[in-house]
Protein chains: 2
Amino acid sequence: MPYYIGRVVDDAKPLVARSPEAFRKQGIDARIFHRVDEIDIQKRMVKVEDLKSGRSAWETFDQLMIATGAIPIRPMVPGLDARGVYELTTLQSGLEIRRAIDEAQPKKVVIIGGGYIGLEMAENLVRRGLKVSLIEKTAQVMNTLDADMAAPLADILLAAGVQLYLEESLVGFEVVQGTIREVNTDKRALPADFVLIGLGVRPNSSLAAQAGIPVGETGGIKIDNRMQTEIAGIWSAGNCAESFHRVSQRPFFLALGTVANKQGRVAGINIAGGQATFPGVVGTAMVKVFDWEVARTGLQEKELKQLGFSYVSAKIESQTRARYYPGTGQIIVKILAEKGSGRLLGGQIVGKEGAGKRIDVLATALQSGMTVEDVINLDLGYSPPFSPVWDPVAIAARQVANLV
Amino acid sequence: MPYYIGRVVDDAKPLVARSPEAFRKQGIDARIFHRVDEIDIQKRMVKVEDLKSGRSAWETFDQLMIATGAIPIRPMVPGLDARGVYELTTLQSGLEIRRAIDEAQPKKVVIIGGGYIGLEMAENLVRRGLKVSLIEKTAQVMNTLDADMAAPLADILLAAGVQLYLEESLVGFEVVQGTIREVNTDKRALPADFVLIGLGVRPNSSLAAQAGIPVGETGGIKIDNRMQTEIAGIWSAGNCAESFHRVSQRPFFLALGTVANKQGRVAGINIAGGQATFPGVVGTAMVKVFDWEVARTGLQEKELKQLGFSYVSAKIESQTRARYYPGTGQIIVKILAEKGSGRLLGGQIVGKEGAGKRIDVLATALQSGMTVEDVINLDLGYSPPFSPVWDPVAIAARQVANLV
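All chains use their own residue numbering, which begins from 1 and follows the written sequence. Whichever chain is written first is A, and whichever ligand is written first is 1; the rest continue in order. Given that the model is predicted, a residue must reach a pLDDT of at least 70 before its local features are reported, and side-chain atom pairs must reach 80 or more before they are shown or counted; all residues, however, enter totals for whole chains, interfaces and linings.

Engineer: How should the overall build of chain A be read in this particular structure?
Structural biologist: Counting secondary structure elements, chain A contains 11 helices and 22 strands. With the C-alpha coordinates of chain A rotated into their principal frame, the extents come out at 65 × 55 × 40 Å. Exposure classification rests on a simple neighbour count of other C-beta atoms within 10 Å of a residue's own: a residue reaching 20 or more is buried, one at 12 or fewer is exposed, and one in between is partly exposed. C-beta atoms are placed from the backbone. Relative to its 404 residues, chain A shows a buried fraction of 46%. A pair of residues counts as a contact when their C-beta atoms, built from backbone coordinates, are separated by no more than 7 Å. Restricting the contact set of chain A to residue pairs at least 6 apart, pairs at least 24 apart contribute 61%. Secondary structure elements are taken from DSSP: a helix is a run of H or I of four residues or more, a strand is a run of E of two residues or more, and numbering for both begins at the N terminus.

Engineer: What should I look at first to understand the relation of the copies chain B and chain A in this one?
Structural biologist: Each of the two copies of the chain can be brought onto the other by a rotation about an axis and a shift along it. Each copy of the sequence occupies a distinct position, and chain B is placed on chain A by a rotation of 180° and an axial shift of 0.0 Å, giving an RMSD of 0.0 Å. Seen this way, the second copy is the image of the first under a two-fold rotation axis. Taking the C-alpha atom as reference, chain B places Val361(B) closest to the rotation axis, 2.8 Å from it. The residues that chain B uses at the interface reappear at the interface of chain A in 98% of cases, marking a shared surface. Only residues with pLDDT of at least 70 in both copies contribute their C-alpha atoms to the least-squares superposition of the copies.

Engineer: Got a minute to help me understand the domain arrangement of chain A in this structure?
Structural biologist: Size of an interface, as often reported, equals the accessible area lost when the parts are brought together. Bear in mind that the domain bounds are from an automatic or database domain assignment. What the domain assignment reports for chain A is domain 1 (33–62), domain 2 (72–199) and domain 3 (285–401). Each of domain 1 of chain A and domain 3 of chain A was reduced to a C-alpha centroid, and the two centroids are 48 Å apart.

Engineer: When you look at the interface of chain B and chain A in this model, what are you seeing that I'm missing?
Structural biologist: Across the contact, 48 residues belong to chain B and 48 residues belong to chain A. Counting residues per element, the side of chain B that touches chain A draws most heavily on helix H9 (residues 359–367) of chain B, at seven residues. Throughout, the ten residues Ala, Val, Leu, Ile, Met, Phe, Trp, Tyr, Cys and Pro are labelled nonpolar, Asp, Glu, Lys and Arg are labelled charged, and all others, Gly among them, are labelled polar. A breakdown of the residues in the side of chain B that touches chain A according to their chemical character gives 29 nonpolar, 13 polar and six charged.

Engineer: For this particular structure, what's the right way to read the sheet that holds strand S12 (residues 189–191) of chain A?
Structural biologist: As a general point, the strands of a sheet are linked pairwise by backbone hydrogen bonds and lie either parallel or antiparallel. Residue and element names in this part refer to chain A. The strand order across the open sheet built from three strands is S10-S11-S12, with neighbouring strands paired in antiparallel fashion. Two strands close off the open sheet at either side, each with one partner strand: strand S10 (170–176) and S12. Neighbour-to-neighbour, the strand axes of the sheet open up by a mean angle of 25°, direction not taken into account. Any two strands with at least two DSSP bridges between them are considered paired. Axis angles are defined between N-to-C directions and span 0 to 180 degrees, where every axis is a line fitted to C-alpha atoms and, for a helix, only to the segment in contact.

Engineer: What is the right way to look at the packing of helix H9 (residues 359–367) of chain A against H9(B) in this model?
Structural biologist: At a minimum axis separation of 9 Å, H9(A) and H9(B) run at an interaxial angle of 20°. One element, H9(A), and the other, H9(B), form an angle in the roughly parallel class. The hand of the H9(A)/H9(B) crossing is right-handed. Between H9(A), through Asp360(A), Val361(A), Thr364(A) and Ala365(A), and H9(B), the contact on the second element is made entirely by Asp360(B), Val361(B), Thr364(B) and Ala365(B). Each residue belonging to the contact of H9(A) with H9(B) can be placed in one class, and the counts come to four nonpolar, two polar and two charged. Angle categories are assigned with fixed cut-offs, so that under 35 degrees is roughly parallel, over 145 is roughly antiparallel, 65 to 115 is roughly perpendicular, and the rest are oblique. Whether a crossing is left-handed or right-handed is set by the direction in which the near helix is turned from the far one by less than a right angle, anticlockwise for left-handed and clockwise for right-handed.

Engineer: Please explain the sheet that holds strand S21 (residues 330–338) of chain A as it appears in this structure.
Structural biologist: Residue and element names in this part refer to chain A. Spatial ordering of the open sheet is given by S18-S19-S22-S21-S20, a layout of five strands whose pairing is antiparallel. Looking at the sheet topology across the chains shown, the edges are occupied by strand S18 (285–289) and strand S20 (311–319). Each neighbouring strand pair of the sheet contributes to a mean axis angle of 10°, computed without reference to strand direction. Along the sheet, H9 makes contact with S18, strand S19 (292–298) and strand S22 (344–351), crossing S19 at roughly 5°.

Engineer: I would appreciate a short explanation of the pairing of strand S22 (residues 344–351) of chain B in the present structure.
Structural biologist: Successive side chains on a regular strand alternate, one facing one side of the sheet and the next facing the other. Residue and element names in this part refer to chain B. Buried residues dominate S22, accounting for eight of its eight residues. As paired elements, strand S19 (residues 292–298) and S22 share six bridges and run antiparallel to each other. When the sheet's bridge partners are listed, Thr297 is paired in S22 with Gly347. By the bridge criterion, seven bridges tie strand S21 (residues 330–338) to S22 in an arrangement that is antiparallel. Each bridged residue has a counterpart across the sheet, and for Val333 the counterpart in S22 is Ile349. Linking two consecutive strands that pair antiparallel, namely S21 and S22, is a turn of five residues; a positive phi of about 95° is found at Gly340 within it.

Engineer: Would you mind showing me how to read the nonpolar core here?
Structural biologist: In globular proteins that are soluble, nonpolar side chains generally tend to be buried together. Counting 226 residues, the largest nonpolar core has Val195(A), Val375(A), Ala397(A), Val195(B), Val375(B) and Ala397(B) as the members making the most contacts within it. Not counting chain neighbours up to four residues away, the residues in contact with Val375(B) comprise Leu344(B), Ala365(B), Met370(B), Val393(B), Ala394(B) and Ala397(B). Think of a nonpolar core as buried Ala, Val, Leu, Ile, Met, Phe, Trp, Tyr and Cys residues, each tied to the set through C-beta atoms within 7 Å.

Engineer: Mind showing me how you'd approach the pairing of S18(A) here?
Structural biologist: Residues and elements named next belong to chain A. For S18, the tally of buried residues reaches five of five residues, placing the bulk of the element in the interior. A two-sided burial pattern is seen for S18, the buried positions comprising Ala285, Val287 and Val289 on one face and Met286 and Lys288 on the other. Bridging between S18 and S19 involves five bridges; their strand directions are antiparallel. When the sheet's bridge partners are listed, Ala285 is paired in S19 with Arg296. The turn linking S18 back onto S19 is made up of two residues, and Phe290 within it adopts a positive phi angle of 55°.

Engineer: Any chance you could explain unusual backbone geometry here in plain terms?
Structural biologist: Negative phi is the rule for most residues except glycine; trans is the rule for most peptide bonds. All names here are of chain B. Backbone geometry places Phe33, a non-glycine residue, at a positive phi of 55°. Along the chain, Phe33 turns up in the loop between helix H2 (20–25) and strand S1 (34–40). The exposure class of Phe33 is exposed, given the 10 C-beta atoms found within 10 Å. Even without being a glycine, Met142 presents a positive backbone phi close to 50°. In this structure, Met142 sits in the loop between strand S8 (131–136) and helix H5 (147–159).

Engineer: Sorry if this is basic, but what is going on with helix H7 (residues 257–271) of chain B here?
Structural biologist: Three- or four-residue spacings in an α-helix give side chains the same orientation, since the helix completes a turn every 3.6 residues. Residues and elements named next belong to chain B. Compared with the 21 Å implied by 1.5 Å per residue over 15 residues, the 20 Å span of H7 between its first and last C-alpha is a close match. Within H7 the residues assigned to the buried category are Thr258, Val259, Ala260, Lys262, Gln263, Gly264, Val266, Ala267 and Asn270. Each element contacted by the buried residues of H7 is listed here: strand S4 (64–66), strand S15 (234–236) and strand S16 (243–245). Gly273 sits one or two positions beyond H7 and adopts a positive phi of about 100°. The span one expects for a helix is its residue count, reduced by one, times 1.5 Å.

Engineer: Got a minute to help me understand H5(B) in this structure?
Structural biologist: Residues and elements named next belong to chain B. Here H5 is 13 residues long and its end C-alpha atoms lie 19 Å apart, about the 18 Å a rise of 1.5 Å per residue gives. For H5, the complete set of buried residues consists of Met149, Ala150, Leu153, Ile156 and Leu157. The arc that holds every buried residue of H5, seen down its axis, measures 100°, which confines them to one face. With respect to the buried face of H5, the exposed residues turned more than 90 degrees away are Asp155, Leu158 and Ala159. Arc definition: it is the arc formed by the directions from the helix axis to the C-beta atoms.

Set out below in structure tokens:
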């Protein structure tokens, strides 16, 4: 959706993975504009409301799959419903935001939140020619990166003309005649005719919780590795459910489409009588920030400290291609490893074209519990147009291996 | 060197990883234009010839490292020393080839051999405006790919204007007054004023073999996982030595700089009294062919048959980015897995920008002995500018998992 809003992607149609009609052709009765308001786990029934007619009816089920996704985290301030204040959540909200920009032609945008959506929207709103300010209450953007890896992103945003206000909290909106006029932080007032809230999401698990289906410490529906909830025959997957983090060996909430897709596949196989298990996630995520690629996997320093890991880390700067090959670009790789054992614990990458997807090597290595010595000796692809002889990921592994 | 010859890389200096002077500054007496003609493993001495003065002398050693690299495979035909006939082997040969093209301005090039060097040279000589013909004695270029994955490369070469003669063998050169005039195959005569031979390399292990240092079935010097030969205190690494293939669990010869670098690091650590082991390779290699990226890892069908594996394979076509994201390109991924166990055995990729380095996921998965089911559930990086939600590698794994 950020790229649709930025007109990088022109047409919204390809953004719909599958239409209700496509489902119907496969014999699946996909009902849009229908909401389940209640689940009766004893009677094996759901209460379904047709949002167009307003009528409700109880329907029975043999197996129930709960895939209610995530809901946006909203700031606790009045004025969220003012004209010009938007959240990017559903496809519908994305269509509305682009239409609003096309029609109202706002000039001054304030983005609240420096996470993935905030950064993608900053890039795409700058692309639309808008003056963008970004407010983030912590000391860095992209809190899933360590501070030292997030620091270059602040420079990238500033260089692109984004006004960045770190360590500032939203305190309220100044609304005049139903229209946003100003965003107030604890430090200043920012004139705004367009506000985008991107504070992240939480699992939309209240329907399940109200029905007595156990919800975990992360707020997501508890599921086993077959995606079954603690109630037999009731399943869940995706952004309303928990994941299992293979590095921390704890429940984890990661609201990403990749995880949702893989969990959904496993749930579907099992509901249909097959046998599949989902081994959990390692916390991989990627984002493009202007012409930089940002990626992370595993645990970051903050998490390692919380979990009591004894760890070492190394950060290296290298090139995406052979240093003499045209188009080579900067890449920074940070790797975290367990002190003593050398077990790989996490990795973070910031770099130019070709940098980001290198995170997959570390994600795959984490999945199989490799040490950093194992990573050094991986047989990674080399040719001058694609990599230095020592891939930057292996260079970082060499550095951190010296500290283990 | 192909990119230097194609003037993609202007300057040859950055191609030298480290100069003799740089070594000397680190206290290493690096003598160029010196050749070791004999090793006496009993007396722990080497006979060194100074190629400039012609003088030889025996010198003692405590530890000996043999890093004699590879030597080109030469066709058994007369005329190899004719003007206009080149092999791309050393840095020096690359400098000569570029100078020859600049000065003699040849028009009609014949490349003999459709491997990595042949393909890279085809691209770079077309870039220099030359009319290029390529002769390959087998039915496909890139014999490290399966035939079905090599087929698109033939189309790519033809589209780029390269005349491709498959299943044709070199029988001789027509040399007039010391200059190449024609290349004769078993099927035709091709006029040529420039010939490049790229028939691959073999381990340059004869010096070691003559000294009684055991050489393996691959022709490379036998080494253990610490890079020590069967003679204590004599070590080897790189293209003169064998590797161990982790998938076939057999000795393997892979003449690539990546392997040489990693083996060299391990040898160095051990010679200096440390402890390091090299786990072996999985056969990863990459090449750029015009605007296509080609990569492979693990075992290919031919090898699997030879080794008696029972295997299944699947080939999928997908996109390098989200299908709606600008700049997305075609990617073909083939994955091979063991029938029954589902163990990943190999993978091959042909595709546009961003396709090739995805081989690293499969290389890493092979290194840790993953099944294709494991590959499906890898937590790979996703964002629309970089990948579809299901990475093409995972899509291929899904397909092959259905056949296991």
